[in-house]
Every structure is written in C-alpha cells, then in structure tokens.
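These are the residues of each chain, in order.
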Amino acid sequence: MARDKVVVLGSNFGGLTAAIAIKHELEGDVDVTVISPSDRFLFNPSLIWLPFGKRKAEDITFAVEPTFTEHGVDFVHEAATELQLANNRVVTASGVHDYDYLVIATGFQNKFDVVPGLGPGGNAYNITTLEDAIHAGEGWRTFLENPGDIVVGATQGAGCFGAAYEYLFNVSHQLRKNGLKSQVNLTYVSPEPVLGHFGIGGLKHGEGMLNMFLKKEKIASVLNVGIDHVDEGRVVLSDGANLDFAYAMIIPPFIGQDVVAKTVEISDDKGYVPVRDTYQTLPYDNVYAVGIAAAVEVPWHTSNPIGIPKTGFPTEQQAHVAARNIASQVRGEVPAAHKEFGDIPAVCVMDAGNNGVIILADKMLPPRKHSVMIPGPQAHAMKVAFEKYFMWKAKHGHVALP
Ligand SMILES: Cc1cc2nc3c(=O)[nH]c(=O)nc-3n(C[C@H](O)[C@H](O)[C@H](O)COP(=O)(O)OP(=O)(O)OC[C@H]3O[C@@H](n4cnc5c(N)ncnc54)[C@H](O)[C@@H]3O)c2cc1C
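Source: prediction; values computed, not measured.

Draft legend 1. Focus on the nonpolar core. In terms of nonpolar packing, the biggest core is built from 124 residues, with Ala18, Val103, Ala248 and Val290 touching the most fellow members. Ranked by the residues each element gives to this core, the list is headed by helix 4 (residues 161-177), at nine residues. If we ignore the near neighbours within four places in the chain, the residues touching Val290 are Gly14, Ala18, Val103, Ala105, Tyr279, Thr315, Gln318, Ala319 and Ala322.

Dropping the structure here:
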C-alpha cells in the first residue's frame with residue numbers, strides 16, 4: 001500500500017519541528033516533504049543582537065537540507081504559490097505536490113504600510129527579518145559616527161513587543177558601552193496601554209518592573225499611542241506629537257504570507273489560518289496550521305490595536321500537537337491531541353544586553369494562576385545558553401527535547 005504523504009510548508013520553528021516530529025511519530029512509515037523558500041533555519045530571537053555585531057548571520061542560521069535528509073524528510077527549496085486544498089495539492093514554480101496531509105507553517109511577513117515611512121527605503125529600521133537586522137546594523141554603525149536621539153518602539157497592530165523591549169534595552173547597553181549614554185535621549189513608543197503589556201495582557205508585577213528598568217536606564221516612554229507617519233529623523237505620533245531621532249527601530253504588525261491570504265477558504269483578514277485546538281483548519285480535517293501562521297483571536301480591546309506575540313515555545317507545542325494528530329489520522333484514529341494557544345505556558349527571556357528578565361507563566365493568555373518575572377544577569381546568560389542549545393537541538397532534529 002502506498003505510504004501517506006505529508007507536505008509541510010515552512011522550514012523554521014513550526015515547519016522543522018512538525019516535519020521531523022511526524023516522521024518520528026510514525027517511526028518513519030510516512031513520506032514527509034518540506035517546501036520552503038528559505039534553505040536556512042533562522043533563530044529569530046537573536047536578531048536583537050545582530051545590529052551590534054554580537055552575532056553574525058552565520059551564528060544564528062544553519063542549512064536545513066542536511067537536517068531533513070538525516071531524518072528522512074525531503075526538502076523542496078521553493079515557495080508555495082498556490083494551495084489547491086479541495087484537490088490536496090500545493091503548487092510551486094516547478095510543479096504540483098500532492099499530499100494526504102498538509103501543515104502550514106509559513107510564519108509572517110511585515111505589514112509596513114500601516115505607517116507611511118516604514119519599510120524598505122523608509123526612515124526607520126526594523127529587526128524582524130535577517131535582512132532588516134543587517135540593515136539596522138549598518139544604520140547603527142553610521143549612528144555611532146554621528147550620534148543623536150533614538151526612538152525604539154512598535155506600531156499600532158504590532159504584536160512582537162518582546163523584541164521591541166529587548167532591542168530598547170540592548171540599545172541602552174550599547175550606548176553605555178560606547179560612552180554615549182548621557183548624551184542620547186532614548187524613547188520607547190508603543191500602542192500598549194501600559195508598560196509590560198507585551199501583547200499578552202501583562203504579567204503580575206510586570207508594569208512595575210518595566211517602569212523600574214526604564215527609570216534605571218533613563219529611558220522615556222510614550223504609551224497607548226499610534227504612529228501617524230515617520231519622516232526622515234522624526235516620528236509623528238497619532239496625537240500629533242513629534243519625536244526627533246538620529247536612529248529609530250520600529251516594529252510593524254505581522255500578517256500571514258500571500259499564499260495563505262489568497263486561499264480565502266481557510267484564511268482570516270490578516271492572512272492567518274483560524275484553527276481548532278487540534279490545529280486542524282476549520283473546513284479541512286487533513287490541513288493543519290501551526291506557529292505564527294495560525295490565527296489567535298485578540299481577547300481584549302485597546303484604544304490602539306495590539307497583536308498577540310506568537311512565540312517559539314507555543315509554535316513548537318502546536319507543531320507537536322499537529323504531528324500527533326496527523327499520526328493518529330494515518331493510523332485510522334481520531335485526532336486526540338488538543339491544546340489551545342492561550343493555555344500553552346509562557347516561557348520567555350527578555351534580554352537587556354548584560355541583564356534581563358526570565359518570564360514564566362502557566363498560560364500565554366489570562367486568566368492565569370501563576371506568573372513570575374525574575375530579573376538579573378542570569379537572564380542574559382540563560383538567553384545565550386538557550387540560543388546555543390536550541391540551535392544544536394534544531395540542527396540535529398532532536399525535536400522531542402524540550
Ligand atoms: C525579532 C524577533 C524576535 C523574537 N524573539 C523571540 C524570543 O525571544 N522568544 C521566542 O520564543 N520567540 C521569539 N520570536 C518569535 C519566534 O521567532 C516565532 O515564534 C517563530 O519564528 C515562529 O515560527 P514559525 O515557523 O511559525 O514562523 P517563521 O519562523 O516565520 O517561519 C516561517 C517559515 O515559512 C517559510 N515560508 C514563507 N513563505 C512561504 C511559502 N510561500 N511557502 C512555503 N514556506 C514559506 C519561511 O521561509 C520560513 O521558513 C521572535 C521573533 C522575531 C521576529
């Protein structure tokens with residue numbers, strides 16, 4: 001009998017984990033193909049360090065094909081251009097790929113047009129992709145030759161606040177290292193209603209701790225505000241106020257990839273895929289979505305819209321739930337693994353250059369029973385150690401490890 005075929009779109013946190021986990025769940029007795037335009041895994045959490053020369057691209061990426069080959073997974077180095085879900089087919093430039101089960105782990109793209117003046121050729125840097133972070137580093141080196149004030153923040157609709165905070169504190173650390181701390185005004189701008197909301201509704205003592213951190217670092221903050229546009233050297237806020245800068249890094253909202261957005265039968269207005277708690281899509285039992293590609297409903301209303309940060313730990317958890325459920329279906333069983341995004345624990349480190357905060361909570365989204373934020377230099381050491389561990393784990397396909 002022909003083996004079942006699984007196609008996985010995307011080769012990063014979600015795609016790599018799902019593809020190898022499916023193979024392991026079925027002890028190799030399944031054909032798995034990963035399709036992705038990226039032939040390198042990128043450890044996005046370390047992009048915050050790249051502009052300062054603390055990491056180079058080769059330190060935080062590795063080639064995925066050898067990893068997949070080692071685990072018996074085929075790799076097609078192409079983007080999916082069309083999903084023909086009613087016919088169980090994915091189209092790429094070179095042809096058509098049939099599947100019995102599909103996992104969509106295509107992540108995000110930046111939505112720069114929410115604020116005129118952002119994006120390629122724009123007036124502020126961004127660090128959410130490798131290319132953007134490299135460019136932000138070029139800008140940083142130019143800034144060091146001719147320093148002035150700095151704005152770091154996120155636009156209305158953004159969700160990746162952790163990276164904005166980390167970059168803010170790393171900038172502060174770098175200013176001190178370069179002897180510029182006392183002459184540069186550093187300002188954080190965010191649509192969050194309070195400091196430390198993080199897009200997850202805040203954590204116990206979080207606002208107080210962030211306030212303390214900003215005070216200690218002499219960082220000003222402008223919260224609960226949108227950005228109208230960014231001119232050369234000036235952020236114009238939605239309330240009409242201006243912030244002049246010599247260097248700015250602004251995180252935009254994320255949206256889903258075009259190939260998902262145009263598959264309207266499974267996508268929402270942001271190009272994400274609404275899923276059940278099994279990570280199956282609503283209309284198709286054999287089509288799954290995990291990681292950033294999977295939609296999460298924002299459970300609160302704020303005066304400036306904010307998104308949800310879909311971080312690495314939940315992405316891996318979702319990939320494992322999907323892998324277990326696909327394995328069940330291949331065996332003729334009903335998918336039995338369930339895990340709502342909001343019920344997955346939050347496990348994060350907010351790095352601050354030589355310091356930081358370890359963030360742990362029993363659930364990504366409230367109501368929570370437990371949450372703790374542990375500040376100190378051990379948080380920085382932990383992020384460095386985690387990067388090394390995760391790169392090793394992913395490169396060798398040890399996806400069952402925590
Ligand atoms: C700057 C930054 C800092 C972060 N810091 C942290 C942190 O400290 N801790 C944490 O837990 N999380 C962090 N995150 C979040 C973490 O990176 C994400 O949770 C994780 O990347 C999600 O994985 P994913 O596989 O869903 O998406 P992605 O990592 O975005 O991967 C998407 C994959 O899909 C592929 N793809 C794109 N288009 C197509 C297509 N048409 N066809 C096929 N494949 C396609 C891409 O090439 C890529 O391989 C950070 C993210 C950013 C951007």
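Draft legend 2. Spatial organisation of the sheet that holds strand 19 (residues 287-289). With parallel pairing, five strands are arranged side by side in an open sheet as 5-2-1-9-19. At either end of the open sheet lies a strand with only one pairing partner, and these are strand 5 (74-76) and strand 19. Across the sheet, the mean angle separating the axes of adjacent strands is 20° when strand polarity is ignored. Of the strand pairs in this sheet, strand 1 (residues 5-9) and strand 2 (residues 31-35) are connected by five bridges, and their pairing is parallel. Each residue of the ladder has a partner; that of Val7, found in strand 2, is Thr33. Where helix 7 (residues 312-330) meets the sheet, it contacts strand 1, strand 9 (101-104) and strand 19, and its direction lies at approximately 175° from that of strand 9.

Draft legend 3. Structural detail: the domain arrangement of the chain. Partitioning the chain into structural domains gives domain 1 (5-108 + 256-342) and domain 2 (110-253). A separation of 29 Å is found between the C-alpha centroids of domain 1 and domain 2. Tallying the contact residues gives 18 residues for domain 1 and 30 residues for domain 2. Counted by class, the side of domain 1 that touches domain 2 contains 13 nonpolar, five polar and no charged residues.

Draft legend 4. The site of the ligand, seen in detail. Looking at the ligand, there are 36 residues lining it, with Gly10, Asn12, Gly107, Gly291 and Gly312 nearest. Elements that contribute at least two residues to the shell around the ligand include exactly helix 1 (13-25), helix 4 and helix 7. Per-class residue counts for the shell around the ligand are 18 nonpolar, 17 polar and one charged. Looking at which domains feed residues into the shell around the ligand, each of domain 1 (5-108 + 256-342) and domain 2 (110-253) gives three or more.

Cut-offs used in this document
Residues numbered from 1 in each chain as written. Predicted model: local features only at pLDDT ≥ 70, side-chain atom pairs only at ≥ 80, totals over all residues. Core = buried A, V, L, I, M, F, W, Y, C linked by C-beta atoms within 7 Å. Buried ≥ 20, exposed ≤ 12 C-beta atoms within 10 Å, placed from the backbone. Helix = DSSP H or I, 4+ residues; strand = E, 2+ residues; numbered from the N terminus. Contact = placed C-beta atoms within 7 Å. Pairing = 2+ DSSP bridges. Axes fitted to C-alpha atoms, helices over the stretch in contact; angles between N-to-C directions. Domains from an automatic or database assignment. Nonpolar A, V, L, I, M, F, W, Y, C, P; charged D, E, K, R; others polar. Near = placed C-beta within 6 Å.

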